[in-house]
Amino acid sequence: MTRILIGGDICPIGKIQAAFTAGLAGEIFHDLLPEIQAADLVLANLECPLVSQPSPIAKAGPVLEAPPDTLRGIAEARWHALNLANNHSFDHGAKGLDE
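This is a predicted model, so every value here is computed, not measured.

Visitor: So what about the sheet that holds strand β3 (residues 81-83)? Which residues, and what values?
Guide: Pairing within the open sheet is parallel, and its 3 strands lie in the order β1-β2-β3. A strand with exactly one partner marks an edge of an open sheet, and here the two such strands are β1 (4-10) and β3. Here the strands of the sheet are splayed against their neighbours by 20 degrees on average, with no regard to which way each runs.

Structure, rendered in structure tokens:
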């Protein structure tokens, strides 16, 4: 049987950002890590764009971003794919979305 795991939002910012940058998947995902790593396909939503040079747009809600090196924690956990189709996709304009 094929095991597919679909996660919710992953947002590597704030207090947890250092763990993402260091690739500390166990500190990030705790008891979910074995489930993530055992699945045949794991998907989640990346809640913020990854940008090396923030260029925030003016908007009513919060503007989110994380540096590209926060992908280390996601890669170490072995997520297969992330989407960025959400309300923060364009928080740094076209340049941020392209990056």
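Following the structure, the description resumes.
Visitor: If you had to explain the nonpolar core to someone new, which residues and values would you point to?
Guide: By size, the foremost hydrophobic cluster in this structure holds 19 residues, and its most contacted members are Ile10, Phe20, Phe29, Ile74, Ala77 and Trp79. Only α1 (17-22), α2 (25-29), α3 (33-38), β2 (41-46) and α4 (71-77) provide two or more residues apiece to this core. In contact with phenylalanine 20, other than residues within four places in its own chain, are Ile10, Pro12, Ile28, Phe29, Asp69, Thr70, Arg72, Gly73 and Ile74.

Visitor: So what's going on with the packing of aromatic side chains? Residues and values would help.
Guide: Each aromatic ring pair is summarised here by two numbers: the centre-to-centre distance and the angle between the ring planes. A complete count under the given rule lists 2 aromatic pairs for this structure. Pairing phenylalanine 20 with phenylalanine 29 gives two aromatic rings, centres 6.2 Å apart and planes at 85 degrees, and the pair type is edge-to-face. On the basis of relative accessibility, which here comes to 10%, the residue phenylalanine 29 falls in the buried class. Members of the aromatic cluster, connected to one another through ring pairs, are Phe20, Phe29 and Trp79.

Visitor: Give a description of the pattern of salt bridges that names residues and reports values.
Guide: Pairing of side chains with opposite charge becomes possible as their charged atoms draw close. A full pass over the atoms with the stated rule returns 3 salt bridges. Of the charged contacts, one joins arginine 3 and glutamate 35 as a salt bridge, the two residues approaching to 2.9 Å between their closest N and O atoms. Here glutamate 35 lies in helix α3 and arginine 3 lies in the segment before β1, a separation of 32 residues in the sequence. Between aspartate 91 and lysine 59 there is a salt bridge, with the nearest N and O atoms lying 2.6 Å from each other. Of the two residues, aspartate 91 sits in the loop between β3 and α5 (93-98) while lysine 59 sits in the loop between β2 and α4, which places them 32 residues apart along the sequence. Using a relative accessible area of 1% as the deciding quantity, one classes aspartate 91 as buried.

Visitor: Just give me the short version of a nonpolar patch on the surface, but keep the residues and values in it.
Guide: Taken together, the side chains of Ile4, Ile6 and Leu41 make up a nonpolar region of the molecular surface, amounting to roughly 300 Å² of accessible area. On the basis of relative accessibility, which here comes to 55%, the residue isoleucine 4 falls in the exposed class.

Visitor: Before we move on, could you go through the environment of asparagine 87 and cite the residues and values that matter?
Guide: When you line up the elements, asparagine 87 lands in the loop between β3 and α5. A relative accessible area of 56% places asparagine 87 in the exposed class. With 40 residues separating them in the primary sequence, asparagine 87 and glutamate 47 have C-alpha atoms 8.2 Å apart. A polar contact is formed between the side chain of asparagine 87 and the side chain of histidine 88, at a distance of 3.4 Å.

Calculation criteria
- Residues numbered from 1 in each chain as written.
- Predicted model: local features only at pLDDT ≥ 70, side-chain atom pairs only at ≥ 80, totals over all residues.
- Heavy atoms only, no water.
- Pairing = 2+ DSSP bridges.
- Helix = DSSP H or I, 4+ residues; strand = E, 2+ residues; numbered from the N terminus.
- Axes fitted to C-alpha atoms, helices over the stretch in contact; angles between N-to-C directions.
- Core = buried A, V, L, I, M, F, W, Y, C linked by side-chain atoms within 4.5 Å.
- Buried < 20%, exposed > 50% of the residue type's maximum accessible area, 1.4 Å probe, protein only.
- Contact = heavy atoms within 4.5 Å.
- Phe/Tyr/Trp six-rings, centres within 6.5 Å; stacked < 30°, edge-to-face > 60°.
- Salt bridge = Lys/Arg side-chain N within 4 Å of Asp/Glu carboxyl O.
- Patch = residues over 30% accessible without salt bridge, like charges linked within 9 Å, V, L, I, M, F, W, Y side chains within 5 Å.
- Areas by Shrake-Rupley, 256 points an atom, 1.4 Å probe, with all protein chains shown as cover.
- Polar contact = N/O pair within 3.5 Å; in protein donor to acceptor, adjacent residues only side chain to side chain.

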